[in-house]
Amino acid sequence: MAAFNPWIAARALLQMRVRKRPFVLSHGINSRCNLQCPFCEYWRKPGPEMTTDAIFAMLDDAKSFGIGVYNAWTAEPLLRPDLPQVLRHARSLGMVTSLITNGLLLSERVGDLSDLDLLSVSVDGIDSYRDIRGVSVEPVLAGIRAARDAGHAVLMNCVISRKNLSELVDLVGLAGDLGAQISFEPLHEAPGVQGRVWDDYGIGEEDLPAYRRSVDRLMELKKGGGPIINSLTYLRMVRERKPNNSCHAPEIVLSVSSDGTVQTCRVHKEPLGHVSQGLARVWESSKKRREEIVRNCEGCLFFGYVENSLLFDFRPEVLAHYRWI
């Protein structure tokens, strides 16, 4: 598990509570992927990607802006040859470095991650993994083992869908066997995905009894010391499929797409400006619009947004147990 760092926490509070600025830069570092998961919308729209120099300039600006965490994700960051240079540059600026990957290239590229602090790998099933993502899970598990052997702390991310309800408990056991932590979040039905995908993957009314039994079991495992990083507060929301928190996502996370567009969040994706305009300028000029979007939003159950919003509001149970940025 990533250790709690009081210095990082103090920086985060100063940035968010006093300076009123986000602490995490979440960067969709590319628009390409080596998978085509039916429920994902990011691989469907390949487009321009920032150059290495442009990313370096953004990171320099982010440092001046007070950003303390750089998170590289989507569509598949390990496809970028310059990833080691990007992570090294962020680290040199004093940022915590984070990466979210599908793990297929992890065994091959684990040696390039010496400047990485937090490694998250998407693992949504064991026997169901091929049905969910179209390939075998074995290369992903081999990558996790290689990362653990290299000294990395690993968080396994699981998106709960109709296809993996019977395997959630087994995934907790797998995480324990691999020396990893695990997080869960419900499937978000993205509007950019059309057709019958949600009929296959979504949780319908007929699935609710099994769904709630599975989440109840996760809460029991959490209480018993299982390697689940979600808070019980969050898992209760997941069980009821209803957010019950104030959203602070735009106050915590600065979202940047592969072409350098600054966006509200991964739900709304409304463009607010471009990194070339300067992060402070984009942030100040978009203040009213960000407030409007949050005020009118029905909420989501994205793990990172909800848990970090609960932290922002000093929820005791979350403060006591949540350790992964």
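Residues numbered from 1 in each chain as written. Predicted model: local features only at pLDDT ≥ 70, side-chain atom pairs only at ≥ 80, totals over all residues. Heavy atoms only, no water.

J.: Pulling in residues and values, what's your account of the overall build of the chain?
T.: If you tally the helices and strands in the chain, you get 15 helices and nine strands. Relative to its length of 325 residues, the chain is compact, with a C-alpha radius of gyration of 19 Å against a globular reference of 20 Å. For the C-alpha atoms alone, the extent of the chain along its principal axes is close to 50 × 45 × 45 Å. Counting every position in the chain, which comprises 325 residues, the buried fraction comes to 54%. The long-range share in the chain, meaning contacts at least 24 apart out of those at least 6 apart in sequence, stands at 71%. With the model as given, the accessible surface of the chain reaches about 14200 Å², and the carbon-plus-sulfur share is 51%. The distance from the centre of the 39 positive side-chain charges to the centre of the 39 negative ones in the chain is 5 Å. (Helix = DSSP H or I, 4+ residues; strand = E, 2+ residues; numbered from the N terminus. Rg over C-alpha atoms; globule rule 2.2 N^0.38 Å. Buried < 20%, exposed > 50% of the residue type's maximum accessible area, 1.4 Å probe, protein only. Contact = heavy atoms within 4.5 Å. Areas by Shrake-Rupley, 256 points an atom, 1.4 Å probe, with all protein chains shown as cover. Lys, Arg positive; Asp, Glu negative; His and termini not counted. Charge placed at Lys NZ, Arg CZ, Asp CG, Glu CD.)

J.: Can you explain the environment of glutamate 298? Please cite residues and give values.
T.: Mapped onto the secondary structure, glutamate 298 falls in the loop between helix 13 (287-296) and helix 14 (303-312). Relative accessible area serves as the criterion here: at 78%, glutamate 298 is assigned to the exposed category. For the pair formed by glutamate 298 and arginine 80, sequence separation is 218 residues and the distance between their alpha carbons is 35 Å.

J.: Report on the side chain of asparagine 102, specifying residues and quantitative values.
T.: For asparagine 102, the position within the fold is in the loop between strand 3 (96-101) and helix 4 (106-109). A polar contact of 2.8 Å, which involves the side chain of asparagine 102, links it to the side chain of asparagine 34. At 3.0 Å, the side chain of asparagine 102 forms a polar contact with the backbone nitrogen of leucine 104. Setting aside residues no more than four positions away along its own chain, asparagine 102 makes contact with Cys33, Asn34, Leu35, Glu76, Val121, Ser122, Tyr129 and Val140. (Polar contact = N/O pair within 3.5 Å; in protein donor to acceptor, adjacent residues only side chain to side chain.)

J.: With reference to specific residues and values, describe the sheet that holds strand 3.
T.: Two orientations exist for strands paired in a sheet by backbone hydrogen bonds: parallel and antiparallel. The strand order 6-5-4-3-2-1-7-8-9 describes an open sheet built from nine strands, whose pairing is mixed. A single partner strand is all that each edge strand has here, and the edge strands are strand 6 (181-186) and strand 9 (271-274). The mean angle between the axes of side-by-side strands here comes to 25°, regardless of whether they run parallel or antiparallel. Bridge count between strand 4 (residues 118-122) and strand 5 (residues 154-160): four bridges; the pairing is parallel. (Pairing = 2+ DSSP bridges. Axes fitted to C-alpha atoms, helices over the stretch in contact; angles between N-to-C directions.)

J.: Hey, could you go over the nonpolar core for me, with residue numbers and the actual values?
T.: Leu25, Leu59, Tyr70, Ile144, Met156 and Phe184 are the most contacted members of the largest nonpolar core, which totals 86 residues. Membership of the second largest hydrophobic core comes to 16 residues, among which are Ala12, Met16, Val24 and Val253. (Core = buried A, V, L, I, M, F, W, Y, C linked by side-chain atoms within 4.5 Å.)

J.: Can you lay out the packing of helix 7 (residues 168-178) against helix 9 (residues 208-223) for me, pointing to particular residues and giving the numbers?
T.: Relative orientation of the contacting elements helix 7 and helix 9 amounts to 30°, with a least axis distance of 9 Å. Judged on the interaxial angle alone, helix 9 and helix 7 are roughly parallel. Here helix 7 contributes Leu168, Val169 and Val172 to the contact with helix 9, which in turn contributes Ser214, Arg217, Leu218 and Leu221. Split into classes, the residues belonging to the contact of helix 7 with helix 9 amount to five nonpolar, one polar and one charged. (Parallel < 35°, antiparallel > 145°, perpendicular 65-115°, else oblique. Nonpolar A, V, L, I, M, F, W, Y, C, P; charged D, E, K, R; others polar.)

J.: Mind laying out the packing of aromatic side chains, listing which residues take part and the relevant values?
T.: Enumeration according to the criterion identifies five aromatic pairs in this entry. Judged by centre distance (5.2 Å) and plane angle (70°), the ring pair of tyrosine 42 and tryptophan 73 falls under edge-to-face. With tyrosine 42 in the loop between strand 1 (24-28) and helix 2 (52-65) and tryptophan 73 in strand 2 (residues 69-73), this pair connects stretches of sequence that are 31 residues apart. Relative accessible area serves as the criterion here: at 23%, tyrosine 42 is assigned to the partly exposed category. Residue tryptophan 73 is classed as buried on the basis of its relative accessible area, which comes to 15%. Look at phenylalanine 302 and tyrosine 305: their rings are 6.0 Å apart centre to centre, the planes differ by 80°, and that puts the pair in the edge-to-face class. Both residues of the pair, phenylalanine 302 and tyrosine 305, belong to the buried class. (Phe/Tyr/Trp six-rings, centres within 6.5 Å; stacked < 30°, edge-to-face > 60°.)

J.: Describe the pattern of salt bridges, with residues and values.
T.: Scanning the entire structure with this criterion turns up 19 salt bridges. The partner of aspartate 112 in a salt bridge is arginine 109, with the nearest N and O atoms 3.0 Å apart. For aspartate 112, a relative accessible area of 31% corresponds to the partly exposed category. When its relative accessible area of 9% is taken as the criterion, arginine 109 is described as buried. Notably, a salt bridge pairs arginine 239 with glutamate 240, separated by 2.7 Å at the nearest N-O pair. By relative accessible area, arginine 239 is classed as partly exposed at 23%. Salt bridges here are not isolated pairs; linked through shared partners, they connect Arg32, Glu49, Arg80 and Asp82. (Salt bridge = Lys/Arg side-chain N within 4 Å of Asp/Glu carboxyl O.)

J.: Account for the environment of glutamate 185, naming residues and giving values.
T.: Structurally, the position occupied by glutamate 185 is in strand 6. Judged by relative accessible area, which is 13%, glutamate 185 ranks as buried. A sequence separation of 132 residues divides glutamate 185 from glutamate 317, and the C-alpha atoms of the two residues are 18 Å apart. Residue contacts for glutamate 185: discarding those within four places in its chain leaves Cys158, Val159, Ile160, Tyr234, Leu301, Phe302 and Phe303. In terms of polar contacts, glutamate 185 uses its side chain to reach the backbone amide nitrogen of phenylalanine 303, at 2.7 Å.

None of the figures reported here should be taken as evidence of function without further support.
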